[in-house]
Amino acid sequence: MSDEAPVRLRNFTPHPITVDTSGRPLVLEPEGEPVRLPDEPVTEATIHIEGGVVRVVTLERRQSADGLPPPETDVCYIVSRVAAAALDRPDVLFPLGERRDAGGRIVGVRGFGVFGTRR
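In this text, all values refer to a predicted model and were calculated from it rather than measured experimentally.

A.B. asks: Sorry, what's going on with the overall build of the protein chain here?
C.D. replies: Of regular secondary structure, the protein chain possesses one helix and eight strands. Traced from its N-terminal end to its C-terminal end, the protein chain shows the element sequence β-β-β-β-β-β-α-β-β. Relative to the compact-globule value of 14 Å for 119 residues, the protein chain shows a C-alpha radius of gyration of 18 Å, a clear excess of over 25%. For the C-alpha atoms alone, the extent of the protein chain along its principal axes is close to 55 × 40 × 30 Å. Sequence separation of 24 or more characterises 40% of the internal contacts of the protein chain that already satisfy a separation of 6 or more. When the accessible area of the protein chain is evaluated, it comes to approximately 8,000 Å², of which 52% is carbon and sulfur surface.

Given below as structure tokens:
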């Protein structure tokens, strides 16, 4: 993927994303179900806390994601930061540089991030 070739962005988060571009803000609507990282319970224990006992479950996370399409030429997939951190794909990005309103709600992002040196 070249930095100069136009790239199609596909939003696989549960929310519309407004991204600041050099031209005008771009709104990316969600496409289908959000990407999810399935996990399996492995062990269960309990811990004593003030007021009682609470269970703690150890989970094993798969290295694949539910709902993520296979790579396509000149396409990047926008997913949650948690999903992006678990996946080893250079075409998987996450929203970065959040802009918030006075109430603390995210109203846009300044760009996207990718983990490691995968791009």
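A.B. asks: Can you help me understand unusual backbone geometry in this one?
C.D. replies: Only a minority of non-glycine residues have a phi that is not negative, and only a minority of peptide bonds are not trans. Positive phi, normally seen in glycine, also occurs at aspartate 74, with a value near 60°. Position of aspartate 74 relative to the elements: it lies in the loop between strand E5 (52-61) and strand E6 (75-78). Taking relative accessible area as the criterion, aspartate 74 reaches 30% and is therefore assigned partly exposed.

A.B. asks: What's the story with the packing of aromatic side chains in this structure? I'm lost.
C.D. replies: The relative placement of two aromatic rings is captured by the distance of their centres and the angle of their planes. Per the counting criterion, the structure on display carries two aromatic pairs. Pairing phenylalanine 12 with tyrosine 77 gives two aromatic rings, centres 5.9 Å apart and planes at 55°, and the pair type is tilted. Separated by 65 residues along the polypeptide, phenylalanine 12 in the loop between strand E1 (8-11) and strand E2 (17-19) and tyrosine 77 in strand E6 bring together distant segments of the chain. Here the two residues phenylalanine 12 and tyrosine 77 agree in accessibility, since each one is buried. Aromatic pair phenylalanine 94 and phenylalanine 115: ring centres 4.8 Å apart, planes at 25°, arrangement stacked. Of this pair, phenylalanine 94 sits in strand E7 (residues 92-100) while phenylalanine 115 sits in the segment after strand E8 (106-113); the two residues are 21 residues apart in sequence, bridging distant segments of the chain. Given the relative accessible area of 4%, phenylalanine 94 is considered buried. On the basis of relative accessible area, phenylalanine 115 is assigned to the partly exposed category, the value being 30%.

So, how was this worked out
Residues numbered from 1 in each chain as written. Predicted model: local features only at pLDDT ≥ 70, side-chain atom pairs only at ≥ 80, totals over all residues. Heavy atoms only, no water. Helix = DSSP H or I, 4+ residues; strand = E, 2+ residues; numbered from the N terminus. Rg over C-alpha atoms; globule rule 2.2 N^0.38 Å. Contact = heavy atoms within 4.5 Å. Areas by Shrake-Rupley, 256 points an atom, 1.4 Å probe, with all protein chains shown as cover. Buried < 20%, exposed > 50% of the residue type's maximum accessible area, 1.4 Å probe, protein only. Phe/Tyr/Trp six-rings, centres within 6.5 Å; stacked < 30°, edge-to-face > 60°.

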